[in-house]
Amino acid sequence: MTDSAVPRLPIDLRSDTVTRPTPAMRRAMAEAEVGDDVYGEDPTVNRLQARAAEIFGREAALFVPSGSMGNLLAIKAWTRHGTEVISEQRAHIAIYEMASMSAIAGCMPRVASAPKGILTWELIEPLIRPKLYYCSQTALVELENTSNMHGGSVYPPAVAEEICDRTHAVGLPVHLDGARIFNAAVALGRSVAELTRKFDSVMFCLSKGLGAPVGSMLVGSRDFIERVHSGRKLLGGGMRQVGVLAAAGLVALEQTPAILHVDHENAGRLAEELARIPGISLDPREVVTNIVIFDVGSSGRTAEEICSALAHRGVLCGPTGKYSIRMVTHYDVDRVGVDLAIAAVKETLAAPSGRAISAR
Ligand SMILES: Cc1ncc(COP(=O)(O)O)c(C=O)c1O
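Residues numbered from 1 in each chain as written. Predicted model: local features only at pLDDT ≥ 70, side-chain atom pairs only at ≥ 80, totals over all residues. Heavy atoms only, no water.

Caption draft 1: Here's a closer look at the side chain of arginine 232. Relative to the helices and strands, arginine 232 is located in helix α10 (residues 222-234). Look at arginine 232 and you get buried, because its relative accessible area is 3%. Excluding residues that lie within four positions of it along the chain, arginine 232 makes contacts with Asp37, Gln49, Leu62, Phe63, Val64, Met69, Leu73, Gly237 and Gly238. (Helix = DSSP H or I, 4+ residues; strand = E, 2+ residues; numbered from the N terminus. Buried < 20%, exposed > 50% of the residue type's maximum accessible area, 1.4 Å probe, protein only. Contact = heavy atoms within 4.5 Å.)

Caption draft 2: Just the environment of isoleucine 93, in detail. Here isoleucine 93 is to be found in helix α4 (residues 92-95). Exposure remark for isoleucine 93: the relative accessible area of 5% places this residue in the buried category. C-alpha of isoleucine 93 to C-alpha of proline 109: the two residues are 16 residues apart in sequence and 8.8 Å apart in space. The residues contacting isoleucine 93, other than those within four sequence positions of it, are Asn71, Ile75, Val85, Ser87, Met101 and Glu142.

Caption draft 3: Here's a closer look at the pairing of strand β7 (residues 201-205). In terms of burial, β7 is a largely internal element, five of the five residues being buried. Side chains of β7 alternate between two faces, with Ser201, Met203 and Cys205 and Val202 and Phe204 buried alike. With three bridges joining them, strand β6 (residues 174-177) and β7 adopt parallel strand pairing. Within the sheet, the bridge partner assigned to aspartate 177 lies in β7 and is methionine 203. As paired strands, β7 and strand β8 (residues 216-220) are joined by five bridges and run antiparallel to one another. Each residue of the ladder has a partner; that of valine 202, found in β8, is valine 219. (Pairing = 2+ DSSP bridges.)

Caption draft 4: Structural context of the sheet that holds strand β3 (residues 84-88). With mixed pairing, the seven strands of this open sheet are ordered in space as β2-β8-β7-β6-β5-β3-β4. For this open sheet the edge positions go to β2 (60-64) and β4 (108-112), each flanked by a neighbour on one side alone. The mean inter-strand angle of the sheet, taken between neighbouring strand axes irrespective of direction, is 20°. In the sheet, β3 pairs with strand β5 (residues 138-144) via three bridges, with the strands oriented parallel. Of the residues in β5, the one forming a bridge with glutamate 84 is threonine 138. Sheet strands touched by α10: β2, β7 and β8. Its angle to β2, the strand with the most contacts, is close to 20°. (Axes fitted to C-alpha atoms, helices over the stretch in contact; angles between N-to-C directions.)

Caption draft 5: Expanded view of the domain arrangement of the protein chain. Here the protein chain is partitioned into domain 1 (11-19 + 259-350) and domain 2 (23-255). If you average the C-alpha positions of domain 1 and of domain 2, the two centres end up 27 Å apart. Counting from both sides, the interface comprises 17 residues of domain 1 and, opposite them, 21 residues of domain 2. For the pair domain 1 and domain 2, the summed buried area comes to about 1,500 Å², and 55% of that belongs to carbon and sulfur atoms. Between aspartate 16 and arginine 180 there is a salt bridge whose closest N-O contact spans 2.8 Å. The tally of links between domain 1 and domain 2 comes to five residue pairs in polar contact (both at pLDDT 80 or more). Secondary-structure elements contributing two or more residues to the side of domain 1 that touches domain 2 are α12 (260-275) and β9 (291-295). No other element matches the three residues that α12 contributes to the side of domain 1 that touches domain 2. Residue composition of the side of domain 1 that touches domain 2, grouped by class: six nonpolar, eight polar and three charged. (Domains from an automatic or database assignment. Buried area = accessible area lost by both parts, 1.4 Å probe. Salt bridge = Lys/Arg side-chain N within 4 Å of Asp/Glu carboxyl O. Polar contact = N/O pair within 3.5 Å; in protein donor to acceptor, adjacent residues only side chain to side chain. Nonpolar A, V, L, I, M, F, W, Y, C, P; charged D, E, K, R; others polar.)

Put into C-alpha cells, the structure is as follows:
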C-alpha cells in the first residue's frame, strides 16, 4: 500500500507484523464509537466479533490482544493441568510462546516433525496416549495453517479434515492456529469458513498480513467463547474502550483479504529470483503464500552475517537457523521494494565474505 514508486527504506521483510495501519484504518480508529468492553458495551468490538463469527460461520468470536494469548486461551479452555497438547515440532505454540502452555496452562507439549510442517493423522495417532491411569492424557491436537516456520506452507484441506475427523473420533478437540488462515484461503481459492469448519476453535490474527496494528480473534461455539472470555479476564486481557483498535481490525478484516494475493505474487517473485543466486538453496515451487525461507549454507556465510550485511543495504530480514533466513512479504513492501531486496541479496552474496569459506 505504499503509493510512490520510491520505496520507503528500510525494506522491512522481517515479518508481516511490521505493517503500519492504512489511512482507512487510522480514520476508522479516530472515528470509532467506543464503550467499556469489560461491560460488553463497546459497539465497535461487538461489531468486529459479530463479523468475525459470521465470516467463519461460527456462533461467536472474541477479540484478544495477541495471537499468543488467543492460542493460550484455547489451550486453557480445552485442557487440564497435567495433560498433553500435540503439535508440529516447529509450531508457534511449541517454540515461540514462552512455553505458556506449560507455564500457565500446565500442559506438556508432544511434538511430531512433519515435512513442510503438515501433520497427518499417521503422525499424530502414535502420540495420543493410551487411556491408562498411570499415563498423562492427551487433551488437544493443534494445527498451524499456514505454517510460519515451514515457509508459509498450506494444509491440503482433505488432510486437515481427516485429522479433525479422526481426532474427534477418539474424543479429542482440535484447535487451529490460523494466524495466517486468510493467506491459506487465498492460496487455495477457498473461504476461511470452509477451511476451518471442522476445527473446534480457531485463532486468527488481524495484525499479520491483514495489517491491523493490534489484535487477534478466537472463533468457535458460544460455549467455547464464554470460557475464553473469562480466561481472557483471568490473564489481565480485559480491555476498556478498545473499539479504537477493533475499528482498525474491522477494516483489516473487510479490506485486506482481497489484496493478499499481491503479497503472494511478490513472495513468488522473490523466491524465483533468490533461487537463481549462487549460495542460496530454495525451491520456489514450495512458496505458495507470503513467507520465503531459504538456506544459505553453501554461501560460506551464516544467516546472521548475511542479514546484517543486508541491513546495511536497507533490507531487513531475520535468521531462522544458523544457515536459514526468512523474508515475509506484506502490503508495506511493493514490487519495487521486492526487486530492490533481490538486488541487495545478489550484491551481498557476490561481495567477498571477509573470512574463509567454512564447511557447513
Ligand atoms: C503462526 C503464528 N501463531 C501465533 C502467533 C502469535 O501472534 P502474536 O505475535 O500476536 O502473539 C504468530 C506470530 O508471529 C504466528 O506466526
